[in-house]
Amino acid sequence: QPKFRRDYQPPAYRIDHVDLHVDIGEGVTRIGSRLSIARDRAAAADAPLRLDGRAMQLQAIRIDGEPVPESDYSVDAEGLTLSAPPAAFELAIEVDVDPDANTALEGLYRSGRILCTQCEAEGFSRITYFPDRPDVMATYRTRIEADAGRYPVLLSNGDRVDHGTLPGGRHFAVYEDPFAKPCYLFAMVAGDLAEVADTYRTGSGRDVALRFYTDHGSENELGHALHSLKQAMAWDEKTYGLEYDLDTYMVVAVGSFNMGAMENKGLNIFNTSCVLASPDTATDGDYIRVRDVVAHEYFHNWTGNRVTCRDWFQLSLKESLTVFREQQFAADHGSPGVTRIEQVRMLRDIQFPEDAGPNAHPVRPESYIEMNNFYTITIYEKGAEIIRMLHVILGHEGFTRGVQHYLSEHDGGAVTIEDFVTALEIANGADLARFRLWYSQAGTPVVTVRDDYAGGRYRLTLSQHTPDTPGQTDKAPLHIPFGLGLIESDGRAVDLGERSLLTLEQPEQSWTFEGLSARPVPSLLRGFSAPVRVEYDHRTEDLAHLLTHDSDPVARWEAGQELALAAMRAAVSAYQAGEALPDPTALIEAVARLLGDPPADHELLAEMLTLPTERRLADQYAQFDVDAVVASHGHVKRQLAAALQTRVEDFLTGPSAGGYRFEPAEVGRRRLNAVALDYLAAGDASGIDALCLALYHDADNMTDRMAALQALRDRPGPARDEAMAAFAERGRGHALVLDKWFSLQATSRLPGAVARVAELDADPRFDATNPNRVRALVGSFARGNLPGFHQEDGAGYAWLAGHIRQLNELNPQIAARLVTPLAEWAQVAGPRGTAMREQLAGLAGASLSPDVYEMVTRALDQPA
Ligand code: ARG
Ligand code: ZN
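The protein is annotated in an unreviewed UniProt entry as Aminopeptidase N from Spectribacter hydrogenoxidans. Annotation of the protein in UniProt includes, under Cofactor (unreviewed entry), the sentence "Zn(2+)". Taken directly from UniProt, the Sequence similarities (unreviewed entry) text for the protein runs: "Belongs to the peptidase M1 family."

As structure tokens, this is what we get:
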């Protein structure tokens, strides 16, 4: 059942043009396709033509207008095979599909009153019989016909070339997309939608019509996304010299969507959570996410659409480069330091554990069962770190030149990661032979640092090792760019020149720095220059020094995280030895000093005051003790909170004059306010409940409202009850707000967590067919509530397994993602790990979708 990268074969038949007729009826939708097909010269004359197709009823099949005799083709559950078609012909097929019955949300499906599509990775084969692979590229002409009352808006890729009314209250529209594309970029939408339009004038003076669509009633929430799109279009012209290529760019918001958004050519489809935003419904974090996802999908027009992937093993080719471009864009439109820190936090909290667990896989995987399971943080974010290293190694200009060369060389093609790396080499005269190993080796490399100082000489030794991962042992040393600073006791940095970026490519290398008056403090892996774990026996006083003096925001922030982790680890040891938990004195002193001389960027300060997550603490251990982690994390936080109380009160702010503005200074102010509330609540400051309740009611925006709610979340009492009830009221009629309410409940640390989420299952507002709601309740609980999920009696695991079972039927893609928390069983110490494994074993006994099957099997296939 698995597919292997090494088995790649070019397609035997090309399809140059697709003519689609989509006839939307009551219940059933009839889809007619006419495909212009030609056999490849390299293929055998009797090569069969295989077309993928699932969940559809074949109604008719004709070659050059003649019905195909039954002896010449066969149909199975996965597709249709023509045994020996002519060398060049037109194939006409008619099928029926039922979008209303499609709960998998792949292919053509219904989201509320909207009919829409999702084809990546292999959803087009739920729309019609077709070779569902990205290296078959065709131009499309799409005619959609539907009831004019229910579906007044009809959209597809490209530009609308015709439309009109039909008898019986029906109407039609025809779209043409002149760019040849793989079928995963096909899209269509039909519905009663509100439209917000604008225009963008490109650098070369072409006017592009921008059209955003959403359900009636939420059109006032599209302004931020529209503005972000224009920023992204201008940025890509300025940074990479890339302009948009069609006359129309459309974005449609849908409420039921398996992921964030999709870059279909000229017709992006977005999860409402990644496009709608208003001060009253979206936090600053949501505003940032909307801006960046809008930019991401736009950037795909070049890195993904104009140049696409040959096969799905190359997914990271388009995703990593697009994520990196999105990251560059984000850094140019916000606080660059904080933007980077957030990326590092996510990588450490989620990607490092993935790379150390049963789902570890190379950024270019060797095999898969269900491609949808490979839209992972490794493919996306570790992939983007690889691109970032190339940017560091080649320099900004060399890198940009390399990307431009890659795009012009392969425009209109379906290519590989190897083609990309080669293009960068050619454009730069560089040799990236060793660097390529980043694409084939899984696992997070560990860089161990040793140093010594004597007589004005400082010697630094780095050694590297990449741990074994499933199916991969004995890894070769990688090319690791290692950012370095040396800071003197007065806080000044030594001028290192070129050696501010070390190149580690051997198992072990040393560097010597001469002429120093005293032992410098090393600032390691500056900018998080490579996705590695650094092991170094930090002195506490060095970390405190870095926390106040490091000019690199990432290393500076990291020093604080290390200090906090050291305090937490000490508490874990004491907890396990049955001793009293030690006071985090060094941490408290260092933070107090930081507050005496804080960075000017409030957002950065807020970030520095935010403790490492429980997940990161857990990830410090090969096997972690849930109780010890929760108790130690809580202990350090409470102690720090008690010590900081009077200091953080200064950061509390009320609503700003003039209302909500999404701009860096305001974002920083609100973030610091939230951090302050969080500490005051953790330290149990007197009057905190009343303060939060007042702030909740006074808030004129969602960010401040959520800050108050989060501070109240774990504090039983009338203030919490009142605020939560008021918030539920706000969620009435606004799905994204109600999602926030669900996730606050799911992450609350109040006792009885499992009973509470089980009660929410039965709440009429819970809807297992809506992925956002499932993520808000089930995902938030399993990933964001460590003590709740790991409740001692194992009820949290059983509850999650129940949801996986139910979703396995409804929506396998979403179900498979929920397996991950249980798949961590081998990292969880004691009977809990065993109980988690039992739930997985129970799932394995059921009849499973390929998606869930693959995740469960891999999870069970690890040594205890
Ligand atoms: N290409 C989309 C994006 O990153 C995501 C598609 C995810 N598809 C999936 N089957 N999970 O912008
Ligand atoms: Zn993407």
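Draft legend 1. Looking closely at the overall build of the protein. Secondary structure summary: the protein contains 26 helices and 31 strands in total. Taken over C-alpha atoms, the radius of gyration comes to 28 Å for the protein, in line with the 29 Å a tight globule of 864 residues would show. Taking the principal axes of the C-alpha coordinates as reference, the protein spans close to 85 × 65 × 60 Å. Across the 864 residues in the protein, those meeting the buried criterion constitute 50%. Put simply, of all contacts in the protein between residues at least 6 apart along the chain, 70% involve residues at least 24 apart.

Draft legend 2. Looking closely at the sheet that holds strand β27 (residues 480-487). The strand order across the open sheet formed by three strands is β28-β27-β30, and the pairing between neighbours is antiparallel. Strands at the two margins of the open sheet, each flanked by one partner only, are β28 (501-504) and β30 (521-524). Averaged over all pairs of adjacent strands, the angle between their axes in this sheet comes to 35°, without regard to strand direction. One ladder, built from four bridges, connects β27 with β28; its direction is antiparallel. Each residue of the ladder has a partner; that of glycine 483, found in β28, is leucine 501. Sitting on the sheet, helix α8 (residues 540-549) touches β27 and β30, and the angle it makes with β30 is about 65°.

Draft legend 3. Region of interest: the environment of glutamate 535. Within the secondary structure, glutamate 535 is located in strand β31 (residues 533-535). Put simply, glutamate 535 and serine 463 are 72 residues apart on the chain and 9.8 Å apart in space, counted from C-alpha to C-alpha. Beyond its immediate chain neighbours, meaning those up to four positions away, glutamate 535 contacts Val446, Thr448 and Val449.

Draft legend 4. Main features of the pairing of strand β21 (residues 267-271). With five of five residues buried, β21 is to be regarded as a mostly interior element. Because side chains alternate across β21, one face comprises the buried residues Leu267, Ile269 and Asn271, and the other comprises Asn268 and Phe270, equally buried. Sheet topology note: the strand β19 (residues 248-254)/β21 ladder contains five bridges and is parallel. From the neighbouring strand, methionine 250 faces β21, where its bridge partner is leucine 267. The pairing of strand β20 (residues 261-262) with β21 spans two bridges and is antiparallel. Counted as the bridge partner of methionine 262 is isoleucine 269 from β21. Remark: four residues form the turn of the hairpin made by β20 and β21, two consecutive strands paired antiparallel; glycine 266 in that turn has positive phi of roughly 70°.

Draft legend 5. Structural view of the UniProt feature "domain: Peptidase M1 alanyl aminopeptidase Ig-like fold" (unreviewed entry) in the protein. Residues annotated by UniProt as "domain: Peptidase M1 alanyl aminopeptidase Ig-like fold" (unreviewed entry) correspond here to residues 443-537. Between the first and last C-alpha atoms of residues 443-537 the distance is 22 Å; the span itself is 0% helix and 45% strand.

Draft legend 6. Up close: the sheet that holds strand β17 (residues 193-201). Judged by pairing direction, the sheet is mixed, and its five strands sit side by side in the order β17-β18-β19-β21-β20 without closing on themselves. The open sheet terminates on both sides in strands that have one partner only, identified here as β17 and β20. Bridge count between β17 and strand β18 (residues 207-215): nine bridges; the pairing is antiparallel. The residue of β18 that forms the bridge with glutamate 195 is tyrosine 213.

Draft legend 7. Just helix α22 (residues 795-810), in detail. With 16 residues, α22 should cover 22 Å at 1.5 Å per step; its first-to-last C-alpha distance of 23 Å lies within 8% of that length. When α22 is considered as a whole, its buried residues turn out to be Gly796, Tyr797, Trp799, Leu800, Ala801, His803, Ile804, Leu807 and Asn808.

Draft legend 8. Representation of unusual backbone geometry in the model. Residues glutamate 120 and alanine 121 are joined by a peptide bond in cis, for which omega reads 0°. Residues other than glycine seldom take positive phi values, yet leucine 105 does so here, at roughly 60°.

Draft legend 9. Broad picture of the site of ligand 1. Taken together, Glu120, Ala121, Met259, Ala261, Met262, Glu263, His296, Glu297, Glu319, Asn372 and Tyr375 make up all the residues around ligand 1. Sorting the residues of the shell around ligand 1 by element identifies β20 and α2 (284-299) as the ones contributing at least two each. Across the shell around ligand 1, the residue classes break down as five nonpolar, two polar and four charged.

Draft legend 10. Structural view of the environment of glutamate 838. Relative to the assigned elements, glutamate 838 resides in helix α25 (residues 831-844). Residue glutamate 838 is classed as partly exposed on the basis of its C-beta count, with 16 C-beta atoms lying within 10 Å. C-alpha separation for the pair glutamate 838 and alanine 798, spaced 40 residues apart in sequence, amounts to 9.4 Å.

Draft legend 11. Quick peek at the packing of helix α4 (residues 336-356) against helix α5 (residues 377-410). Interhelical geometry of α4 versus α5 gives an angle of 120° and a closest axis separation of 10 Å. The angle between α4 and α5 falls in the class oblique. The hand of the α4/α5 crossing is left-handed. On α5, the residues touching Met346, Leu347, Ile350, Gln351, Glu354 and Asp355 of α4 are Ile377, Thr378, Glu381, Lys382 and Glu385. Classifying every residue of the contact of α4 with α5 by side-chain character gives four nonpolar, two polar and five charged.

Each value, and the rule that gives it
- Residues numbered from 1 in each chain as written.
- Chains lettered and ligands numbered in written order.
- Predicted model: local features only at pLDDT ≥ 70, side-chain atom pairs only at ≥ 80, totals over all residues.
- UniProt positions renumbered as here; feature names shortened; annotations may be inferred.
- Helix = DSSP H or I, 4+ residues; strand = E, 2+ residues; numbered from the N terminus.
- Rg over C-alpha atoms; globule rule 2.2 N^0.38 Å.
- Buried ≥ 20, exposed ≤ 12 C-beta atoms within 10 Å, placed from the backbone.
- Contact = placed C-beta atoms within 7 Å.
- Pairing = 2+ DSSP bridges.
- Axes fitted to C-alpha atoms, helices over the stretch in contact; angles between N-to-C directions.
- Expected span 1.5 Å × (residues − 1).
- Near = placed C-beta within 6 Å.
- Nonpolar A, V, L, I, M, F, W, Y, C, P; charged D, E, K, R; others polar.
- Parallel < 35°, antiparallel > 145°, perpendicular 65-115°, else oblique.
- Left-handed = near helix turned anticlockwise from the far one by under 90°.

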